[in-house]
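Breakdown of the fold
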Amino acid sequence: MMMQNKTSSGQMTRLALIISLGGFLFGFDASVISGAIRFLVPEFGLSDLALGWVVASLTFTSTLAMMVAGPLSDRIGRKKLLLIIAFMYAFSALFSAIAPTYGILVAARMLGGLAVGASLIIAPMYIAELSPPEKRGRMVSINQLNIVIGFSAAYFSNYFLLQASGSGAEWVQNLGIDTQTWRWMLGVELLPALAYFGTLFAVPESPRWLVVQGREEEAAVVIGQLSGEAEATAQIQAIKESVQAKDAGDPLGQKLRRLFRPTLRKVLWVAAIVGILQQLTGVNAIFFYAPFIFEQSGIGSDAAFSQAIYIGLLNVVFTLIAMSLIDRIGRKPLLLVGLLGIALSMGLVSYGFQQATYELTSEAVAGLPEGVNREALGAVTDVRFEDDLAFKTALKAALGRTVYVANEAVILQSAARINPTLILTGILGFVAFFAVSLGPVMWVLFSELFPNYIRAVAVSFVGFINSVVSFSVQQFFPWELANLGNALTFGLFGGFAAVGFLLVWRLLPETKSRSLEELEKELITDD
C-alpha cells in the first residue's frame, strides 16, 4: 500500500506539472514583453497609452476568455479545452515574432490573451478536481510555480538575447538577432507552446466532470489511479450527491442567476476581494515592466535586464516556500503576512523615488548618444530637478517624446541622484511577499471556495474580475509613471495592500485540509 501511495503521489505531481504548463506559458508571455518594450517604442513610434495597449492587450482578451472558459470546459471537458489553448499559445508566439505592423502585433498578443485567460481558469480548477484534499493546496500551487518559472525563463531569455545582440558574433548576425532582437524575444515562446500541446495527450479527464457527464466508470478509473481504488467509490458518491443537490446540468443563464443568490454571497465577495487585491498591489506592473522600472532608478539597460533576473529567481524560491507551507499553516496566515510585507515593500520603493533628484550636467550631456540633440538640452543642462515627473517633462519638451524614450535609460543613468539599492530591495521584497501569498493562494482559494455544481462558472466570474483589474494596471502603468510620478504610483500600490490586509483579516475563512464537498457544506447555505 505504501508503494501504491508513492506511485499515486508521483503520478499526481506529474499530471499537475503537465496541466500547469499553461501557467508557464502565461508567465513567459507576461514577462517576455518587458524586454521588448524598449525596442517597440522607436519601432512603431508608440505613445504612453499605445505602449500600455501592447502590454495590456493580452490581458484584455484574457479577461473575455475567463468569462467563457469555465462554461466551455463544462461543455467540452477540461482536457480538450487545454489542447485548444496550447495551439493558441503557439500561433500567438509565431505571429508576434513576424508581425510587420503594430496592429498585427497587438492582434497576435490578443490571441495569446485568449489562451492566457482560459488556462488561468482551467488549470487550477482541473488540478483541484484531480487532487486528494490533503495535497490539493500544494498541487494547485504547482500552477503558480510554473507561472513564476515562466517569468524567470523569459527574463533569462531576454537577457541572453540582449547580450547576444551586441556581441557582434557571426551567428547572431546570420539569425538577425542583432537587428530583430525583440522579434526573437517574442518568438522563443513557440517552443514550449508546442511541447505543452504534445504532453497534454498524457493527461486524463477530470473525474468530477466525468461524473457530471454520467461517465462514472471512467471517473472511477481516474480516481483509483490517483487516490486508490478504496477511495474511488466514496469520492464518486460524494460528487454525485453534490451535483444532484444543485443541478450541474443547468444552462449557463441559470447558473449565473444562482451565482448571485444570497447562499453564495459570502464566498463570492471573499473571492472577488482577493482577486482584486492580487492586481491592485501592482504585481503585473512589476512583472510586465520589470526592466523598465529598474531603468527608472538610473542603473542603465544592461543592469536593468540583469536585475529582472533576480525577480524571476526570487519568485521561484518563495513560491516553493509557499507550496511547502500552504497545506501546513493554511491560506489565511500566508495572505496576512504577504499583504503586510507588500505594503512595507512598496512603501520603501515609493520612499526611494521620493528622495531622488535629477541633474543633467554639462559633462553628462557631452557623453549622451549621437542621436540626442545636445543643443536642444541647453535649457535643462545643469538644472537640478526635485522629482522625476518634472525632469521627464522638461526632457520630453526639449528632445521630443520619441527621442527621449529611446534614450531614457542612458539619460536617467547620467542624471539620477538616487539610491538604486533601496529600489531594488523594495521590489525584491514585494516579489518575495507576493510569491509566498497572493500569487499561489488566490488560485487555490478560487478552486476551493465554490461548490461543484457552479465551480466552473464561479471561477470564471471572479477570474474575470481579477483580469479586468490586471488589464487596468498594465494599460495605465506607463501613463501613471508619466503623469503621477514614480513615488506616488508605487505608494498607491502599497496603500492598496494595507487595505487588503484589513479585509482579509476580517473576512477570509480557512479552507485547508478539507474536501471540496466538506467546504461546500460549511460555506454554502441551502436556498
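Please refer to the structure higher up on the page.
So, here's what we can say about the structure. (Residues numbered from 1 in each chain as written. Predicted model: local features only at pLDDT ≥ 70, side-chain atom pairs only at ≥ 80, totals over all residues. Heavy atoms only, no water.)

**Re the overall build of the protein**
Quick note on the threshold: Counting from the N terminus, the helices are the DSSP runs of H or I reaching at least four residues and the strands are the DSSP runs of E reaching at least two. Buried means the residue's accessible area, taken with a 1.4 Å probe over protein chains only, is under 20% of the maximum for its type, while exposed means over 50%, and partly exposed covers the values in between. Where accessible areas are quoted, they stem from the Shrake-Rupley method and a 1.4 Å probe; at the residue level, only the protein chains shown are allowed to cover.
The secondary structure content of the protein amounts to 27 helices and three strands. Out of the 527 residues in the protein, the part that is buried amounts to 60%. Accessible area of the protein: about 19600 Å², with a carbon and sulfur share of 64%.

**So, the pattern of salt bridges**
Quick reminder of the rule: Salt bridge, as used here, is a side-chain nitrogen of Lys or Arg placed within 4 Å of a carboxyl oxygen of Asp or Glu.
Counting across every chain of the model gives five salt bridges. The closest approach of N and O atoms between R78 and D74, which form a salt bridge, is 2.8 Å.

**Describing the side chain of T61**
Note the following rule: We call two residues in contact when some of their heavy atoms are within 4.5 Å.
Inspection of the secondary structure puts T61 in helix α3 (residues 48-76). Sequence-distant contacts of T61, that is, excluding residues within four places in its chain, are made with R109, M110, G113 and L114.

**Quick look at empty space enclosed by the protein**
As a reminder of what qualifies: Put plainly, a pocket is an open set of points on a 1 Å grid over the protein atoms alone with protein on both sides within 12 Å along at least five of seven lines, a cavity is a set where a 1.4 Å probe fits but cannot get out, and a lining residue has an atom within 4 Å of a point. Grid points are joined across faces, edges and corners, and a volume is the space filled by probe spheres set on the points. In this classification, the charged set is Asp, Glu, Lys and Arg, the nonpolar set is Ala, Val, Leu, Ile, Met, Phe, Trp, Tyr, Cys and Pro, and all remaining amino acids, among them Gly, are polar.
Per the stated rule, a full pass over the model turns up four cavities of 30 Å³ or more. In this model, the largest cavity occupies a volume close to 210 Å³. Lining the largest cavity we find 23 residues, and of these F26, L120, Q278, Q279 and N284 sit closest to its centre. Considering only residue class, the lining of the largest cavity consists of 12 nonpolar, 11 polar and no charged. What the second largest cavity holds in volume is close to 120 Å³. Along the wall of the second largest cavity there are 14 residues; nearest its centre are D48, F292, K396, V405 and E408. Taken together, the residues that form the lining of the second largest cavity break down as seven nonpolar, one polar and six charged.

**Considerations on the side chain of S96**
Keep this limit in mind: Think of a polar contact as two N or O atoms within 3.5 Å of one another; within protein, one of them needs to be a possible hydrogen donor and the other a possible acceptor, and neighboring residues in sequence only count if both atoms come from side chains.
Tracing the backbone through its elements, the reader meets S96 in helix α4 (residues 78-98). Residue classification places S96 among the buried positions, given a relative accessible area of 5%. Of the polar contacts made by the side chain of S96, one reaches the backbone oxygen of S92; its length is 2.9 Å. With residues near it in sequence (within four places) discarded, S96 still touches L105, A108, R109, W182 and L186.

**Quick word on the nonpolar core**
Put simply, the rule is: To define a nonpolar core, start from buried Ala, Val, Leu, Ile, Met, Phe, Trp, Tyr and Cys residues and group those joined through side-chain atoms within 4.5 Å.
Within the largest apolar cluster, 171 residues are counted, with the highest numbers of intra-cluster contacts made by I286, F287, I311, F450 and F490. It is helix α5 (residues 102-130) that contributes the most residues to this core, 14 residues altogether. With near-sequence residues (within four places) excluded, F287 lies in contact with A30, S31, S34, F151, Y155, I311, N315, V431 and F434.

**Re the sheet that holds strand β1 (residues 357-359)**
Strand pairing in a sheet takes place through backbone hydrogen bonds and is either antiparallel or parallel in direction. Selection criterion: Between any two strands, pairing holds if DSSP finds at least two bridges.
The strand order across the open sheet built from three strands is β2-β1-β3, with neighbouring strands paired in antiparallel fashion. At either margin of the open sheet sits one strand with a lone partner, and together these are β2 (384-385) and β3 (416-417). Relative to β2, β1 runs antiparallel, the two being bridged by two bridges. What sits directly across from E359, in β2, is R384.

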